[in-house]
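Geometric and topological summary
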Amino acid sequence: MSLSLEAGAESFITAVAYAPYDSLRELIEGLTALLGDGGKNVLVSWNCEPDEIDFELSASGAALDSVSFKVIHYPDHHRLARAARTLFSLRVSKLELCLAFWRALRDLHRHITTDEFDRNWRRPFPESEMRQLTEALRAFKRDAKAKTVDRAV
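The text that follows walks through the structure, step by step, so that each part is easy to find. Owing to the predicted nature of the structure, the values given are computational and were not obtained by experimental measurement.

Scoring rules and cut-offs
Residues numbered from 1 in each chain as written. Predicted model: local features only at pLDDT ≥ 70, side-chain atom pairs only at ≥ 80, totals over all residues. Heavy atoms only, no water. Salt bridge = Lys/Arg side-chain N within 4 Å of Asp/Glu carboxyl O. Helix = DSSP H or I, 4+ residues; strand = E, 2+ residues; numbered from the N terminus. Buried < 20%, exposed > 50% of the residue type's maximum accessible area, 1.4 Å probe, protein only. Phe/Tyr/Trp six-rings, centres within 6.5 Å; stacked < 30°, edge-to-face > 60°. Pairing = 2+ DSSP bridges.

**Section: the pattern of salt bridges**
Between side chains of opposite charge, a pair can form as their charged atoms come close. Following the criterion strictly, the structure yields 7 salt bridges and no others. Put simply, R79 and D54 hold a salt bridge, and the shortest N to O gap is 2.7 Å. Taken together, the residues span a long stretch of sequence, with R79 in the loop between strand 5 (66-74) and strand 6 (85-93) and D54 in strand 4 (residues 52-60) at a distance of 25 residues. R79 gets classed as partly exposed once you look at its relative accessible area, which sits at 22%. For R138, the salt bridge identified is with E135, shortest N-O distance 2.7 Å. Residue R138 and its partner E135 are located together in helix 4 (residues 127-152), separated by 3 residues, close to a single helical turn. Relative accessible area serves as the criterion here: at 42%, E135 is assigned to the partly exposed category. Linked through salt bridges whose partners overlap, the residues forming this network are D22, R25, R123 and E129.

Okay, structure coming up:
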């Protein structure tokens, strides 16, 4: 599967393997945790054979509403800190980051047949986790709207 990220002038493209990590599921679960009370830091590892990359997501700010997102590259599976380098980074709101990933995941799910996804990724699309992410996004938006109304009163 290929991954493509863009933010302003920054971009990142790579191909990732289906094993040994269940990266897509871990990404969806991490985004869901980030939106809820359970996630301040999320790490998702991807195998690019022989390279590996990590998606590092760290919530910060007074209300933990800002997220630092980094793509860290390792030349091999040893993942030595001295060999790591940051390939892509940005700081955005939690909602902006999670919504962008949700849209891309939804588009992936809509535009690829189940059999094709299963054959290429060697596992089914994480349907249940995607539903949980969708619900977490809805709840997060409701809470944000309620907080805005409370501040205005």
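**Description of the packing of aromatic side chains**
If you walk through the whole model with that rule in mind, you get 6 aromatic pairs. On the numbers, 5.4 Å between centres and 50° between planes, the contact of W46 with F55 is tilted. A relative accessible area of 1% means that F55 is categorised as buried. Between F117 and F125 the ring centres are 5.4 Å apart and the planes differ by 70°, which places this aromatic pair in the edge-to-face class. Relative accessible area serves as the criterion here: at 4%, F117 is assigned to the buried category. Note on F125: relative accessible area 7%, which makes it buried. Three or more aromatic residues joined by ring pairs form one cluster here, namely W46, F55, F69, F88 and F101.

**Describing the pairing of strand 4**
Bridge analysis of strand 3 (residues 41-47) against strand 4 gives 7 bridges, and the strand direction is antiparallel. Paired with W46 across the bridge in strand 4 is I53. Where strand 3 folds back on strand 4, the antiparallel hairpin that results is connected by 4 residues, among which E49 adopts a positive phi of roughly 45°. Sheet topology note: the strand 4/strand 5 ladder contains 9 bridges and is antiparallel. Opposite D54, over in strand 5, you have I72 as the bridge partner. Remark: 5 residues form the turn of the hairpin made by strand 4 and strand 5, two consecutive strands paired antiparallel; G61 in that turn has positive phi of roughly 95°.

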